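# Coordinate inspection notes
So you can see what is in the structure, the chains are spelled out below.
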Amino acid sequence: MSSEPPTSGVAPGGADRRHVVVVVGGGMVAQRFVEALRARDAAGDWRVTVFAEEPRKPYDRVGLTRYFEVRDAEELTLGDPALWDDPLVDLHRDCAVASIDRAARTVTDRLGRVHAYDELVLATGSSAAMPPIDGNDLPGVFVYRTIDDVAALRGWVEAKREAGRVETRGGVVERPVRGAVVGGGLLGLEAAGALKALGAQATVIQFGTHLMDVQIDLGGGHALKRLINDKGISVRTDTATKAIRPHRRTGHVGRMDFADGGRLDVDVVVMATGVRPRDELARAAGLETGQRGGAVVDLTCRTADEHVWAIGEVACIEGRCLGLVAPGNTMAEVVADRLLGGEATFPGADTATKLKLSGVDVASFGDAHGRTEKSVEIVWADPLAGVYKKLVMADDARTLLGGVFVGDAAPYASLRPMLGAELPGDPGAFLLPEGGGAPALELPDDAQVCSCNNVSAGTIRGAVTGLDGGPACTDVAGVKACTRAGTTCGACVPLVTKLTKTELTKAGVEVSNALCEHFELSRAQLFDAVRVADLHTFSEIIARFGRVADGADPSAGPGRGCDICKPTVASILASLGNGHILAGEQATLQDTNDHMLANMQKDGTYSVVPRMPGGEVTPEGLIVVGQVAKDFGLYTKITGGQRIDMFGARVEQLPEIWRRLVDAGFESGHAYGKSLRTVKSCVGSTWCRYGVQDSVGMAVELELRYRGLRSPHKLKLGVSGCARECAEARGKDVGVIATDQGWNVYVGGNGGQTPKHAQLLAENLSSAELLRTIDRFLMLYIRTADRLQRTAPWVEEYEGGLEAIRQVVIEDSLGIGADLDAAMARHVEGYEDEWKAVLEDPEKLARFGSFVNAPTTPDPALAYVPERGQKRPATPDEIAGGLADPVLVAGPTLEVRA
């Protein structure tokens, strides 16, 4: 209920004979306490009154950055809204408590109204720390703590962007908004990501030696910095901010001065240097506070006053305040249990953390810094891939004490619940890439899976089997609903999913492989359904095979799809020869790279990769490529697939670049698509004294045959002219190796983060047999693989494995060989170059412009610095220091031809 309270609350032991608990604070931990108390108080002995300082219901601060996407505070509201309609719950929003009278057991709100309590729970949380820096109160300096904070930040950046728009003869251009974040911890990095999402430049200023220095070690910090830089965010470590100076014209924030003499021009600054407990009410009421703040409580979360409790960030427990939601939720559960006569105590803090920044995988738990005496550290690092993983073990080299994961946090979900337990086998195996031989982990029932909501593996298993007293849950959504696991920060969802599916499989229940909430079918099932039904648009497909998502209005139909099913359907339609990928409704389904027929790079420009079948190119072709790169000021590089990549093309330049390449006989290399990328080859018998077959000729034939073939994941092939394997064919999805008697074909290999060697499918094939074998293998993969599943895991998971695939492809055991052959023949006959098709279609061509009202005007935010005779994107520091040249002087612009 949200009705206004009476002038005074019900006196203790009053007429309704219920006990009254007053909760001061309306955040995540307060919400958890109310939820826990009402769920357990079956007799209704307690009436709960909550005083929230903010004018909204408790919301998800952990997911605060999501507000930039949803722009609706209600989307972040926590829990079941029905909680606040409970007749035994009163929520007073925008109504902070001004004082506490412990002797009278009353609180006074900001309007002067007095409310009595039997028990008082302080859940006032914390406030953002503001470091004592000159200029920290200038307009344009923000903290990152509440919805109002992020809304104000968004408004400021958008206003600055609008103010930076300048009209020129070529159209309207924008000066980039320059942002900085003081503090390189979890919140600071999320704030930097938010600035980037708003279209601003971002520089993180970290006083310590490395980012997230509280959670991860120096090695992990170095790896994290590389990942953050790759996101287009600059980082300055070992840097103290001396002052923030105003802009001389506007009076707004304009420059940061550093203790080392450096400086940085800025338009917006976000302070993310930590939090401080909101303990002013506790201090004024005479309660003991800790050395660094917070109301001192014992392990029951009770203060020295037997009727006053403190939970969350305002509680000083075991000498410290804990700034994470998980221990706060645990405290809420403890107090709810105690008020109902239980004997729960605080079990200790789970300080595991996971960074929530898109594209940056970071997590840590336990003794991440290895401070335990005689502890042993096991480290696996791949600097080129930006991966750093470490386990901290006890001196027995078996008991897990902690871990750090940067760049690949996949092991985190499974290993964190094993904290304090012995790992089976070699601990180092758990750090290797997927498939590296790590033994399976069977979590004990008491292992904590969700620390935010204190959910164990046994609780999840009980929910699946119905042993927890409720009905058995048959999907992940049901398990999350009845256990609350995975409903707060989401870090444990992969493990919850794995446990759920494992238990369902043990129980003989078929596990759903639904593509997403809009389609109950898997990708393979949807592929066959679309093919048989002969459907050609997403609207037709979702109307025929879609379903209404859980909780959605049935009358609204299955909806418009999502980021999972739309590109998947686009891929299926393209695989079935549905015409140009930018034709009609298909154009709205594509991922960014497919949509632009080019790969987006870190600075927002694109790379152009013309096809060079088998790596073969004429001198005249090389001259054309070189001249195009020179005329448009592009950075050039030979790729690992024997092609030339040209980087730095602006969107409005793409068609003219394509035109010159197409006129010279080149076509799209499909470097942007989930399709055939390259067929790598050695020179084979044409030149090499060891070659036994014409590997170049075969590679050219294969690449021209499979070019543009859309598939669940990208495809790479290789052809080697002899067993010396110079084309590295066995590291490809399909590898061909010449023999004296023909060709051997290998399948299911790939490079990347989890390299796999391809396995032998057939030996000593003629050229015609080779083509038919590869045709059938690729078509079978396209029809039956899951979304974004590469050939290596597909081969492993295909029922019967490689031998079953061999029987289908070679022996036609399913009787579908002719169908697979015909499908590939249709692809080969129907192929068209996507670049050329755009150039010949004015409607498609009109898509390629930086600005709607000035299609040939370049983006003014692009700037470059010279490097090894070429140019590369400038970092924010280089731009701020005046070291970069703007792109306005480089390259011709689009010439539109009908």
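Residues numbered from 1 in each chain as written. Predicted model: local features only at pLDDT ≥ 70, side-chain atom pairs only at ≥ 80, totals over all residues. Heavy atoms only, no water.

## Details of the environment of Glu343
One can find Glu343 in the loop between helix 7 (325–339) and strand 24 (353–354). Of the residues examined, Glu343 reaches a relative accessible area of 69% and is grouped as exposed. Along the sequence, Glu343 and Thr300 sit 43 residues apart, while their C-alpha atoms lie 8.2 Å from each other. In this view, Glu343 contacts Asp337 and Arg338; residues no more than four positions away in its chain are not counted. (Helix = DSSP H or I, 4+ residues; strand = E, 2+ residues; numbered from the N terminus. Buried < 20%, exposed > 50% of the residue type's maximum accessible area, 1.4 Å probe, protein only. Contact = heavy atoms within 4.5 Å.)

## A short note on the packing of aromatic side chains
Taken as a whole and assessed by the stated rule, the structure comprises nine aromatic pairs. Look at Phe519 and Phe538: their rings are 6.4 Å apart centre to centre, the planes differ by 75 degrees, and that puts the pair in the edge-to-face class. In this pair, Phe519 sits in the loop between helix 11 (493–506) and helix 12 (523–533) while Phe538 sits in helix 13 (residues 538–545), placing the two residues 19 residues apart along the sequence. Per residue, the accessibility class of Phe519 equals that of Phe538, and both read buried. Here the aromatic residues Phe777, Tyr781, Trp794 and Tyr798 are joined through ring pairs into a cluster of three or more. A cation over an aromatic ring shows up here: Lys389 above the ring of Trp380, its NZ or CZ 5.0 Å from the ring centre. Residue placement shows Arg724 over the ring face of Tyr690; its charged tip is 3.6 Å from the ring centre. (Phe/Tyr/Trp six-rings, centres within 6.5 Å; stacked < 30°, edge-to-face > 60°. Lys NZ or Arg CZ within 6 Å of the ring centre and 35° of its normal.)

## Digging into the environment of His19
Along the chain, His19 turns up in strand 1 (residues 19–24). In the structure, His19 is positioned 99 residues away from Asp118 in sequence and 6.1 Å away in space, judged by C-alpha atoms. Those residues within four positions of His19 in sequence are excluded, and the remaining contacts are Asp45, Trp46, Arg47 and Asp118.

## Quick notes on the pairing of strand 15 (residues 241–246)
Judged from the five bridges that link them, strand 15 and strand 16 (residues 253–258) form a sheet pairing that is antiparallel. Residue pairing in the sheet places Ile244 in a bridge with Met256 of strand 16. (Pairing = 2+ DSSP bridges.)

## Things to note about the sheet that holds strand 6 (residues 114–116)
With antiparallel pairing, three strands are arranged side by side in an open sheet as 4-5-6. Lying at the two open borders of the sheet, with one neighbouring strand each, are strand 4 (97–101) and strand 6. Taking each pair of neighbouring strands and ignoring which way they run, the sheet shows an average axis angle of 25 degrees. Here strand 5 (residues 106–109) runs beside strand 6; their pairing, made up of three bridges, is antiparallel. Of the residues in strand 6, the one forming a bridge with Thr106 is Ala116. (Axes fitted to C-alpha atoms, helices over the stretch in contact; angles between N-to-C directions.)

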